[in-house]
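# Chain and residue survey
Here are the chains, one letter per residue:
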Amino acid sequence: MSQDRPDIFGLLTRIAVAWLNNPRHQLPADEVPTLIEQIHKGLAAVQADVPEVSENPRPTASGHIPAVTVSESLASKDHILSMIDGKPYKSLRLHLAAYGLTPEEYRTRYRLKPTYPMVAENYSAARRQIAIRMGLSEFRKKV
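Residues numbered from 1 in each chain as written. Predicted model: local features only at pLDDT ≥ 70, side-chain atom pairs only at ≥ 80, totals over all residues. Heavy atoms only, no water.

## As for the side chain of Arg107
Relative to the elements of secondary structure, Arg107 occurs in helix H5 (residues 103–109). Glu104 is the oppositely charged side chain nearest to the buried, salt-bridge-free Arg107, at an N-O distance of 4.3 Å. (Helix = DSSP H or I, 4+ residues; strand = E, 2+ residues; numbered from the N terminus. Buried < 20%, exposed > 50% of the residue type's maximum accessible area, 1.4 Å probe, protein only. Lys, Arg positive; Asp, Glu negative; His and termini not counted. Salt bridge = Lys/Arg side-chain N within 4 Å of Asp/Glu carboxyl O.)

Here it is in structure tokens:
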């Protein structure tokens, strides 16, 4: 088992104990094994669907080798590390345009989920606050 993957039995125990300790849940003692079995099946299914995160970036199908891993690229809330050159950016859109890529092509090239962000979390929050101060959120409410 990888260091990145949690111990399924440790999670199973914590979930079962938390569920059984909740006063809103009342379960007869003879049904506890069924509960544990259902939790185990659910955790096993989730664990099977989650790919292992490799510390060594592997080449994509098109032969592109990412400069950093996905977890490294999203490690900071202040910037996103580019998979192309490993440099930090607050927003990847202009950087990708310089390489002739759209966000969708970038995600496809490096096997990223469709929800992979193109803007750093803190930068997005700062822009949101500026928009609110400018009254742009009120404009949408009037329409």
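Following the structure, the description resumes.
## Some thoughts on the packing of aromatic side chains
Aromatic rings in a pair are described by how distant their centres are and how their planes are angled relative to each other. Taken as a whole, this structure holds two aromatic pairs when the rule is applied. Ring centres 5.4 Å apart and planes at 65 degrees place the aromatic pair Tyr106 and Tyr110 in the edge-to-face group. Accessibility expressed as a relative area gives 0% for Tyr106, which makes it buried. An angle of 55 degrees between the planes, with centres 6.3 Å apart, marks the rings of Tyr106 and Tyr116 as tilted. With Tyr106 in helix H5 and Tyr116 in the loop between H5 and helix H6 (121–133), this residue pair connects regions lying 10 residues apart in the sequence. The class for Tyr116 is buried, based on a relative accessible area of 5%. Put simply, the rings of Tyr106, Tyr110 and Tyr116 pair up and form one aromatic cluster. (Phe/Tyr/Trp six-rings, centres within 6.5 Å; stacked < 30°, edge-to-face > 60°.)

## Description of helix H1 (residues 8–21)
With 14 residues, H1 should cover 20 Å at 1.5 Å per step; its first-to-last C-alpha distance of 20 Å lies within 8% of that length. Listed as buried for H1 are Ile8, Leu12 and Ala16. Projected down its long axis, H1 carries its buried residues within an arc of 60 degrees, all on one side. Those residues of H1 that are exposed and angled more than 90 degrees off the buried face are Arg14 and Asn21. (Expected span 1.5 Å × (residues − 1). Arc of directions from axis to C-beta.)

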